[in-house]
Protein chains: 4
Amino acid sequence: MSVSEEDRLARRIAEHMLAKEGTGNAWGLVIEDGAAGYSRLRMTIRQDMTNAHGTAHGGMIFALADTAFAYACNSRNQATVAAGASIIFLAPAQEGDILIAEAREESISGRSGAYSVAVRTSDGRVVAHFQGQSRAIGGTILETRTEETHNG
Amino acid sequence: MSVSEEDRLARRIAEHMLAKEGTGNAWGLVIEDGAAGYSRLRMTIRQDMTNAHGTAHGGMIFALADTAFAYACNSRNQATVAAGASIIFLAPAQEGDILIAEAREESISGRSGAYSVAVRTSDGRVVAHFQGQSRAIGGTILETRTEETHNG
Amino acid sequence: MSVSEEDRLARRIAEHMLAKEGTGNAWGLVIEDGAAGYSRLRMTIRQDMTNAHGTAHGGMIFALADTAFAYACNSRNQATVAAGASIIFLAPAQEGDILIAEAREESISGRSGAYSVAVRTSDGRVVAHFQGQSRAIGGTILETRTEETHNG
Amino acid sequence: MSVSEEDRLARRIAEHMLAKEGTGNAWGLVIEDGAAGYSRLRMTIRQDMTNAHGTAHGGMIFALADTAFAYACNSRNQATVAAGASIIFLAPAQEGDILIAEAREESISGRSGAYSVAVRTSDGRVVAHFQGQSRAIGGTILETRTEETHNG
């Protein structure tokens, strides 16, 4: 079961970002997987994440997808930000549902990238589909020199 | 200073929705204004709303805009939900910034509608621009008969 | 080389739609492949498809992606229309470039679906990425009874 | 009837862009108005702009909106391109319908901007709503020195 150095870096970056985010703890996010250009996150819908219809607030569904997108687009250790995003809401999620957001890289050209994120419940029901546009801003997330030493 | 009956209903609906949402309290939302096809909300960026770059998480900026959109598209007392949305991130917001989201109705056709939401800081800096697609699902938010009696 | 009945139907639908569209001939579209939830189209950028910068007009890049999306979301013979779409422009295309749009189904829930379309040049350069939201409107594209007779 | 210098420049830029575009003639576009951060265009839906349902192809509706967006975001004579866009399709348009796209600037921050475009028929029926994200790429559309001489 060999994991590439590239994928190991992607996971360290996701863990590093999650630890630095104010939202990570607030939303109870769990990293399920990370790889180059990829991430998978889990979040449980709590009562304080519901809308007036009593279902998961679209803002929280987006926020989960947007975070998975952020980990995927920063996974190669080039600091990137979201320039824009769009989301299609396909079916509601309920309080107590465990949502899984799976982000993958679609295309990269220069400093711009396109990512897709599928949001489903843990039992496989479709909830939403998200498209994110990334823009590299220069710089890195982790200092790889230091990290190499730590692992050496 | 006469406010139309239509606008008064829009405000009651926004207050009713805010009171029912789990997120309203969690995010510290304040309704600044409401009218038919319109709403304006305020939210202060707290530490638990920040991303790994230390600025407002895109998910929270979207969530604020999405809520203003929800109040505007339900303002005529026809129950509607978001079918989709897109957001353009124009400039970062910082912890402590007060964000104002102003939603307005652009076009309605049958059960579908288009809404725009501008997100700015309270001192007028541009943060994001949002477009939401609404879909009426049948039913109302408030029972207007009862409400009329209450106000009679 | 067995092709499933489902994929054969998808190709007949794409050919039928292309033949009925006023735009198909006008844009010189060529169907490269079709399957259930999938389509791949080709279009060459002509001078009358260029913008003021002398590169492929964003409207034509979108139009190509939107057509691939239409063939993919109608491929199961349930009549569907586009409710909305978003596109990320990653790099320009030039006059004479052959563009390939590859559409795939991401998620379906009830009458709504989400589709992704990658647009690349025939030599593999990334041009754009598209997300489409479909809505089934009832009815079919082909009368399958008749078609079965024709093929019997 | 005084028109500002700024608005006069915006109209010259729209006319200049239309003249340089391969698509302008192909689509029969007519500029109805132009001003700083604003443009209004007209296009008649022809048979070669229809889809398999016999209504205006979504790609052509987008193309019209995208062109109005391009004229509005270049109107201040800073060369800009579309980084992305999203569209909501609200109601179909028919062959023979005259479509009007009205673009306005929503927000600008640094090199990025957000624009809205409403697409309606000439008799006021709602067709679509579009949001565009612009990015300034440096340079101008017109050489203003030369133009001033021509108009002096």
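Computed from a predicted structure; not experimentally measured.

S.K.: Describe the interface of chain A and chain C, listing the residues and the values that go with them.
M.R.: Counting residues at the interface gives 17 residues for chain A and 16 residues for chain C. Contributions of two or more residues to the side of chain A that touches chain C are made by strand E3 (80-89), strand E4 (98-109), strand E5 (112-121) and strand E6 (126-136) of chain A. Its residues assigned to classes, the side of chain A that touches chain C shows seven nonpolar, nine polar and one charged.

S.K.: Before we move on, could you go through the packing of helix H3 (residues 58-73) of chain A against helix H3 (residues 58-73) of chain B and cite the residues and values that matter?
M.R.: H3(B) packs onto H3(A) with a crossing angle of 155° between their chain directions and a minimal axis gap of 8 Å. Comparing their axes, H3(B) and H3(A) come out roughly antiparallel. For the crossing formed where H3(A) meets H3(B), the hand is right-handed. Side by side, H3(A) and H3(B) meet where A:Gly58, A:Gly59, A:Met60, A:Phe62, A:Ala63, A:Asp66 and A:Thr67 of the first sit next to B:Gly58, B:Gly59, B:Met60, B:Phe62, B:Ala63, B:Asp66 and B:Thr67 of the second. Across the contact of H3(A) with H3(B), the residue classes tally to six nonpolar, six polar and two charged.

S.K.: Explain the relation of the copies chain A and chain B residue by residue, including any values.
M.R.: One copy of the chain maps onto the other through a rotation about an axis plus a displacement along that axis. Once chain A is rotated about the relating axis by 180° and shifted along it by 0.0 Å, it coincides with chain B to within an RMSD of 0.0 Å. Given the turn and translation reported, the copies of this chain are related as if by a two-fold rotation axis. Among all residues of chain A, the one whose C-alpha sits closest to the rotation axis is A:Ser86, at a distance of 1.9 Å.

S.K.: So what's going on with the interface of chain A and chain B? Which residues, and what values?
M.R.: Taken together, the contacts link 28 residues of chain A with 28 residues of chain B. Mapped onto the side of chain A that touches chain B, the elements with two or more residues apiece are helix H1 (5-20), helix H2 (22-27), H3 and E3 of chain A. Broken down by element, the residue count for the side of chain A that touches chain B peaks at eight residues, all from E3(A).

S.K.: Got a sec to walk through the relation of the copies chain A and chain C? Specific residues and values, please.
M.R.: Of the transformation superimposing chain A on chain C, the axial component is 0.0 Å and the angular component is 180°, with the fit at an RMSD of 0.0 Å. Interface residue correspondence from chain A to chain C reaches 94%, placing this contact among same-surface, isologous pairings.

S.K.: Tell me about the sheet that holds strand E3 (residues 80-89) of chain B, residues and numbers included.
M.R.: Spatially, twelve strands are ordered E1(A)-E2(A)-E4(A)-E5(A)-E6(A)-E3(A)-E3(B)-E6(B)-E5(B)-E4(B)-E2(B)-E1(B) in an open sheet, and the strand pairing comes out antiparallel. Strand pairing shows two members of the sheet lacking a second neighbour, strand E1 (30-35) of chain A together with strand E1 (30-35) of chain B, which therefore form its edges. Across this sheet, the average inter-strand angle for adjacent strands is 20°, counted without regard to direction. The sheet contact formed by E3(A) and E6(A) spans nine bridges and is antiparallel. For A:Ile87, the partnering residue across the bridge sits in E6(A) and is A:Phe130. Helix-sheet contacts for H1(A) involve E1 and strand E2 (38-44) of chain A, and the interaxial angle to E1(A) is about 150°.

S.K.: Please give an account of the confidence of the model for chain A that cites residues and values.
M.R.: Residue and element names in this part refer to chain A. With 93% of its residues at a pLDDT of 70 or more, chain A has an overall mean of 93. Counting contacts from residues 146-152, a segment whose pLDDT is below 50, to residues more than four positions away or on other chains yields two contacts. Per the prediction output, this complex has pTM 0.94; the corresponding ipTM is 0.93.

S.K.: Can you explain the sheet that holds strand E2 (residues 38-44) of chain D? Please cite residues and give values.
M.R.: Taken in spatial order, the twelve strands make up an open sheet running E1(C)-E2(C)-E4(C)-E5(C)-E6(C)-E3(C)-E3(D)-E6(D)-E5(D)-E4(D)-E2(D)-E1(D), and their pairing is antiparallel. Edge strands, defined here as strands with exactly one partner in the open sheet, are strand E1 (30-35) of chain C together with strand E1 (30-35) of chain D. Between one strand axis and the next, the sheet turns by 20° as a mean value, whatever way the strands run. Strand direction decides the pairing type here: strand E5 (residues 112-121) of chain D and strand E6 (residues 126-136) of chain D, joined by nine bridges, are antiparallel. Note on E6(D): the bridge partner recorded for D:Ala118 is D:His129. Here helix H1 (residues 5-20) of chain C sits on the sheet and contacts E1 and strand E2 (38-44) of chain C; the angle it forms with E1(C), its principal contact strand, is near 150°. Running at roughly 45° to strand E4 (residues 98-109) of chain C, helix H3 (residues 58-73) of chain C makes contact with E1, E2, strand E3 (80-89), E4, strand E5 (112-121) and strand E6 (126-136) of chain C together with strand E3 (80-89) of chain D of the sheet.

Parameters at a glance
Residues numbered from 1 in each chain as written. Chains lettered and ligands numbered in written order. Predicted model: local features only at pLDDT ≥ 70, side-chain atom pairs only at ≥ 80, totals over all residues. Contact = placed C-beta atoms within 7 Å. Helix = DSSP H or I, 4+ residues; strand = E, 2+ residues; numbered from the N terminus. Nonpolar A, V, L, I, M, F, W, Y, C, P; charged D, E, K, R; others polar. Axes fitted to C-alpha atoms, helices over the stretch in contact; angles between N-to-C directions. Parallel < 35°, antiparallel > 145°, perpendicular 65-115°, else oblique. Left-handed = near helix turned anticlockwise from the far one by under 90°. Least-squares fit on C-alpha atoms with pLDDT ≥ 70 in both. Pairing = 2+ DSSP bridges. pLDDT = per-residue confidence, 0-100.

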